[in-house]
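The chain contents come next:
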Amino acid sequence: MKRLLVLLALVVVVLPLVTVQIIPTDCPQPYVFQARILEKLEEVPFPRGEGGLRYFLVEQIKGDAPDDKFVALICSSYTRGSSTMNFEIDEELWMQGALMTPEAFYGEQYLFFDDYSSLYIRQVKNKGFWPDQLTELRILYRSPFTSFYYMPYAFLYPFVAEGRDWLRTYVFVIARAALVVLAVFFLIKNRHKKQSLALIALTYSLLAMALTIPILTDMY
């Protein structure tokens, strides 16, 4: 029994880490690359509030990029992970982004530089993980606890659901609510058996995570 408990505990810890490598984001970007910051070209502050747009000339090191050198646009309200970064000259960073064109990005706040293509950066990797991956890890590790939230939500979801895939999501909402009911039932039934309680808790946690994975990107 002890070996089984250790194995289940290990799977509960490792499963989210593996999952975020397989499903790293809900919004894949055309360009994923490592780049070195060469120069800060321009900064356009927002008219109201803090932050703004920062334009950097960067040089590709690894990955897919439109050119060897190009402009990376960091938006304080859009680029995930940018709030904790200083973007120093010669700093090397992994980024994800999409190509900017004057037709799609018009307005005086959007600048374009001769001889360089421009990428609108969606997220910057920090400490080995993309911001989307960190969001997914939080969702998965919290899923054994947030599943209790799905008890009343299972009745309300059809009235507040939006999008074409709401029925698919609703199936997993119901499944997570049912899982909570079963877990509580077995915990009460085996309340005097310590190892059984640990087995039930770990099995419940693993199943809660497994039922969250198919709808992971719907829960950002």
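Above: the structure in question.
If you're wondering where the values come from, they're calculated on a predicted model, not measured in any experiment. (Residues numbered from 1 in each chain as written. Predicted model: local features only at pLDDT ≥ 70, side-chain atom pairs only at ≥ 80, totals over all residues. Heavy atoms only, no water.)

**Some details on the overall build of the protein chain**
For clarity, the cut-off: Going along the chain from the N terminus, every DSSP run of H or I of four or more residues is numbered as a helix, and every run of E of two or more is numbered as a strand. Radius of gyration: over C-alpha atoms. The globule rule applied is 2.2 Å multiplied by the number of residues raised to the 0.38 power. Only protein chains enter the calculation, and the probe is 1.4 Å; a residue is then buried if its accessible area is under 20% of its type maximum, exposed if over 50%, and partly exposed in between. Two residues form a contact once any of their heavy atoms are found within 4.5 Å.
Secondary structure assignment for the protein chain yields 5 helices and 5 strands. Its helices and strands in sequence order give the protein chain the pattern α-β-β-β-β-β-α-α-α-α, from N to C terminus. The globule rule puts the C-alpha radius of gyration for 220 residues at 17 Å, and the 23 Å found for the protein chain is more than 25% above it. Judged by the C-alpha coordinates and their principal axes, the protein chain covers about 70 × 45 × 30 Å. Looking at the protein chain as a whole, 36% of its 220 residues qualify as buried. Taking all contacts inside the protein chain whose residues are at least 6 apart in sequence as the whole, residues at least 24 apart take part in 69%.

**Here's the deal with the packing of helix α4 (residues 166-189) against helix α5 (residues 194-212)**
So the rule is basically this: Only the stretch in contact is used when fitting a helix axis, every axis being a line fitted to C-alpha atoms; angles between N-to-C directions are given from 0 to 180 degrees. Any angle from 65 to 115 degrees is called roughly perpendicular, while one under 35 is roughly parallel, one over 145 is roughly antiparallel, and all others are oblique.
Between α4 and α5, the least distance of the axes is 10 Å, while the angle of their chain directions is 180°. Between α4 and α5, the interaxial angle falls into the category roughly antiparallel. For the pair formed by α4 and α5, the contact residues are Phe172, Ala175, Arg176, Leu179, Val180, Ala183, Phe186 and Leu187 on the first element and Leu197, Ile200, Tyr204, Leu207, Ala208, Leu211 and Thr212 on the second.

**Regarding the environment of Leu99**
Its place among the elements puts Leu99 in strand β4 (residues 92-99). A relative accessible area of 41% means that Leu99 is categorised as partly exposed. Sequence separation of Leu99 and Ala175 is 76 residues, and the distance between their C-alpha atoms is 40 Å. When near neighbours in sequence (up to four residues on either side) are disregarded, Leu99 contacts Tyr31, Pro66, Phe105, Ser117, Ser118 and Leu119.

**Details of helix α2 (residues 131-146)**
Basically, it comes down to this: What the bend at a residue measures is the angle between two axes, fitted to the seven residues ending there and to the seven starting there.
Of all the bends in α2, the greatest, near 30°, is centred on Leu140, and the proline Pro144 appears no more than four residues after it. Within the span of α2, buried status applies to Pro131, Asp132, Gln133, Thr135, Glu136, Leu137, Ile139, Leu140, Ser143 and Pro144.

**Thoughts on a nonpolar patch on the surface**
For clarity, the cut-off: Patch members must show over 30% relative accessible area and no salt bridge, and they are joined within 9 Å when carrying like charges or within 5 Å when they are nonpolar side chains of Val, Leu, Ile, Met, Phe, Trp or Tyr. To be clear on the numbers: accessible area is Shrake-Rupley with a 1.4 Å probe, and residue cover counts the displayed protein chains and nothing else. What counts as a salt bridge is simple: a side-chain nitrogen of Lys or Arg found within 4 Å of a carboxyl oxygen of Asp or Glu.
Among the surface-exposed residues, Leu10, Val13, Val14, Leu17, Val18, Ile22 and Tyr141 lie close enough to one another that they form a single nonpolar patch of about 590 Å² accessible area. Ranked by residues supplied to the nonpolar patch, first place goes to helix α1 (residues 2-22) with 6 residues. Mapping Val14 onto the fold places it in helix α1.

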